[in-house]
Amino acid sequence: MKKYTVSITKIILFLIYIMEFSNFYIGFLPQFQYIKYISICIVAIYLFKNASIFMRVEHIKLNGMLVLFALAMFYPSIVYMNNYERNPLLATIVFWVIQAETFLTMEVMCVNNKMEMVVQYYYKLTLLWTLLTDILTIFLTSVFTTRAGNYLVGTKFTVSYLHLLLIALMMTKDRIVKRNKIISNSALFVTLIWSAFIIIRVQCNTGLIGLVLLFIILATPKKIKIGLCSPLLFTTTVLISTAFSIGYEAVLANPSIQHFISYYLKRELTLTGRTYIYAMMPKILKGHYAIGYGYGTTYEVCRHFTGFADTQNAILEWIVQLGVVGTIILVVFFLCTFKKMKLCREDNLLKCMPLVGYIYSMVLLGTVEITIDNLFFGTVAIVYGLVCYLIQEEITNY
């Protein structure tokens, strides 16, 4: 029997998982914030000891964009620091540090040839975390309904996205570590069915659409999968996702789309108030197009202007917070990962495709939901580390 060992590496990865991927709803345990702060400090010490890695030429572009992203986040948060109940500066510090530590940790894992272990370890953690969430969701429904629909990991959307990530991690793990195909496919089938059941259980139509999108992306031919790794295609998808909030009237005028929304999704053509929010965006952004209102302010800003809690569009959410300039920097930051893929062999790129498929699913769902969150950032970080590791292996074995 294989002996399970706990190493410093696994402890650091576990702390990163708590901060970036767990999305634990603090309403159940307010002290969780302190656990997060302690984790940030421990990981910072670990990264400081590996600081020389971050100046390597292969990581300098991404790390440079990470610094630029910090400036884009901190400037508006400092300017509007005293305008809201929530302190945008504190929120910015915590969020940016977590993202920086996640990406930098993946760089360390890459250099130490541990990215395959990262994928396997995070798959196991995600499996355990989703199972715990699902068990509590099924057997303690009354507890969650008294907390405004927030489950162990937050809203029904987060529950759904976590299951999609589980599927992507499972498929990536199976492509990295060769297993019996019958066993792998059987496990995947069970996970798909179970995920669909839970998503239906929490009544998340968006999650079901995401599951279908992920399945379609992963069922496409090899050439299309490789094409998805293109920086240009990723940028185009982001633009299309954002454009819906501008051209929604033309889209919703289509009879087929009207039928799909009304008959299949059982929703009004206003998309549960989204069209009103989109129509209000020019008023919301007036005077704030360049730098936004500051990170973590969308709840107060949107409640003031629309009565809703957010913008209901992934990119618009960031534009309200960081402005157009900061959001462009954010997209370019993500593009660093896709540009790195251009240096990777096609057979190795296919190993990353389930996670890339998850990223695209979230961007597409971002048309009508807030999807560029911690799970999204964390997934991009894993893909970046994995791609860098595969390129490193290609050079070593050349």
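Cut-offs and rules
- Residue positions are given per chain, counted from 1 along the sequence in the order it is written.
- Whole-chain, interface and lining totals are the exception, using all residues; otherwise, since this is a predicted model, local features are given only for residues with pLDDT of at least 70 and side-chain atom pairs are given and counted only at 80 or more.
- Hydrogen atoms and water are omitted, and side-chain values are computed over all heavy atoms in the structure.
- Only DSSP runs of H or I with at least four residues qualify as helices, and only runs of E with at least two residues qualify as strands; both kinds are numbered from the N terminus onward.
- The rule is simple: take the accessible area with a 1.4 Å probe, protein chains only, and divide by the maximum for that residue type; under 20% is buried, over 50% is exposed, in between is partly exposed.
- Two N or O atoms form a polar contact when they lie within 3.5 Å of each other; inside protein one atom must be a possible hydrogen donor and the other a possible acceptor, and for residues adjacent in sequence the pair counts only when both atoms belong to side chains.
- Residues count as neighbours in contact if any of their non-hydrogen atoms are within 4.5 Å of one another.
- Salt bridges are defined as contacts in which a side-chain nitrogen from Lys or Arg sits within 4 Å of a carboxyl oxygen from Asp or Glu.
- Remark: nonpolar core denotes a set of buried residues (Ala, Val, Leu, Ile, Met, Phe, Trp, Tyr, Cys) joined through side-chain atoms within 4.5 Å.
- Aromatic pairing here means that ring centres of Phe, Tyr or Trp (its six-membered ring) are within 6.5 Å. Orientation follows from the plane angle: under 30 degrees is stacked, over 60 is edge-to-face, and everything else is tilted.
- Both a distance and an angle decide whether a charge sits over a ring: NZ of Lys or CZ of Arg must be within 6 Å of the ring centre and within 35 degrees of the ring normal.
- Values of pLDDT, the confidence the predictor places in each residue, fall between 0 and 100.
- Count a disulfide wherever a pair of cysteine sulfur atoms falls within 2.5 Å.
- To get an axis, fit a line to the C-alpha atoms, keeping to the stretch in contact for a helix; angles then go from 0 to 180 degrees between the N-to-C directions.
- Working definition: roughly parallel below 35 degrees, roughly antiparallel above 145 degrees, roughly perpendicular at 65 to 115 degrees, and oblique for all remaining angles.
- Each crossing gets its hand from how the near helix is turned against the far one by less than a right angle, where anticlockwise is left-handed and clockwise is right-handed.
- For this scheme, ten residues count as nonpolar: Ala, Val, Leu, Ile, Met, Phe, Trp, Tyr, Cys and Pro. Four count as charged, namely Asp, Glu, Lys and Arg, and the remainder, Gly too, count as polar.

**Here's the deal with unusual backbone geometry**
Inference 1: The backbone phi angle of Q203 is positive, close to 60°, even though this residue is not glycine.
Inference 2: Within the secondary structure, Q203 is located in the loop between α8 (181-201) and α9 (205-219).
Inference 3: For Q203, a relative accessible area of 60% corresponds to the exposed category.
Inference 4: The residue Q312 is not glycine, and still its phi comes out positive at about 60°.

**What about the side chain of S361?**
Inference 1: By secondary structure assignment, the location of S361 is in helix α16 (residues 346-365).
Inference 2: Among the polar contacts listed, one links the side chain of S361 to the backbone oxygen of G357, at a separation of 2.8 Å.
Inference 3: Look past the residues within four positions of S361 in its chain and what remains in contact with it is G210, L213, L214 and I217.

**Re the pattern of salt bridges**
Inference 1: Using the criterion set out here, one finds four salt bridges in the structure.
Inference 2: Among the salt bridges present, the one from R56 reaches E58, with a minimum N-O distance of 3.8 Å.
Inference 3: Judged by relative accessible area, which is 31%, E58 ranks as partly exposed.
Inference 4: Between D347 and R345 there is a salt bridge whose closest N-O contact spans 2.9 Å.
Inference 5: For R345, a relative accessible area of 42% translates into the label partly exposed.

**Section: the nonpolar core**
Inference 1: Membership of the largest hydrophobic core comes to 130 residues, with the highest contact counts inside it found for Y122 and F377.
Inference 2: Broken down by element, the residue count for this core peaks at 16 residues, all from helix α15 (residues 314-341).

**Here's the deal with the packing of aromatic side chains**
Inference 1: All told, the structure shown has 27 aromatic pairs when counted by the stated rule.
Inference 2: Ring geometry for Y17 against F21: centres 5.4 Å apart, planes inclined by 20°, an arrangement best described as stacked. Pair noted here: Y17 and F21 are both in helix α1 (residues 8-21), with a separation of four residues, about one helical turn.
Inference 3: When its relative accessible area of 5% is taken as the criterion, Y17 is described as buried.
Inference 4: Centre to centre, the rings of Y80 and Y293 are 6.5 Å apart; their planes meet at 40°, and the pair counts as tilted. Within this pair, whereas Y80 is found in the loop between α3 (60-79) and α4 (88-111), its partner Y293 is found in the loop between α13 (274-285) and α14 (298-305), the two being separated by 213 residues in sequence. For the pair formed by Y80 and Y293, the shared burial category is buried.
Inference 5: Here the aromatic cluster, defined as three or more aromatic residues joined through ring pairs, consists of F69, F95, F103, Y295, W318, F333, F334, F376 and F377.
Inference 6: In this arrangement the basic side chain of K173 is found over the ring face of Y123, its NZ or CZ atom lying 4.8 Å from the centre.

**A word on the confidence of the model for the protein**
Inference 1: Of all residues in the protein, 91% have pLDDT values of 70 or greater, and the mean over the chain is 89.
Inference 2: Within the protein, helix α6 (residues 141-145) has the poorest average pLDDT of any element, 60, and α1 the best, 96.

**Notes on the state of the cysteines**
Inference 1: Counted under the stated rule, the structure contains zero disulfides.
Inference 2: C336 takes part in no disulfide bond, and the closest cysteine sulfur, belonging to C388, lies 10 Å away.

**Quick look at the packing of α1 against helix α5 (residues 115-139)**
Inference 1: Contact geometry of α1 with α5 gives a least axis separation of 11 Å together with a crossing angle of 50°. Of the possible angle classes, the one that applies to α1 and α5 is oblique. Pair α1 / α5 crosses with right-handed handedness. Contacts between α1 and α5 involve T9, K10, L13, F14, I16, Y17 and F21 on the former and, on the latter, M117, V118, Y121, Y122, L125, T126 and W129.
Inference 2: Of the residues assigned to the contact of α1 with α5, the class counts are 11 nonpolar, two polar and one charged.

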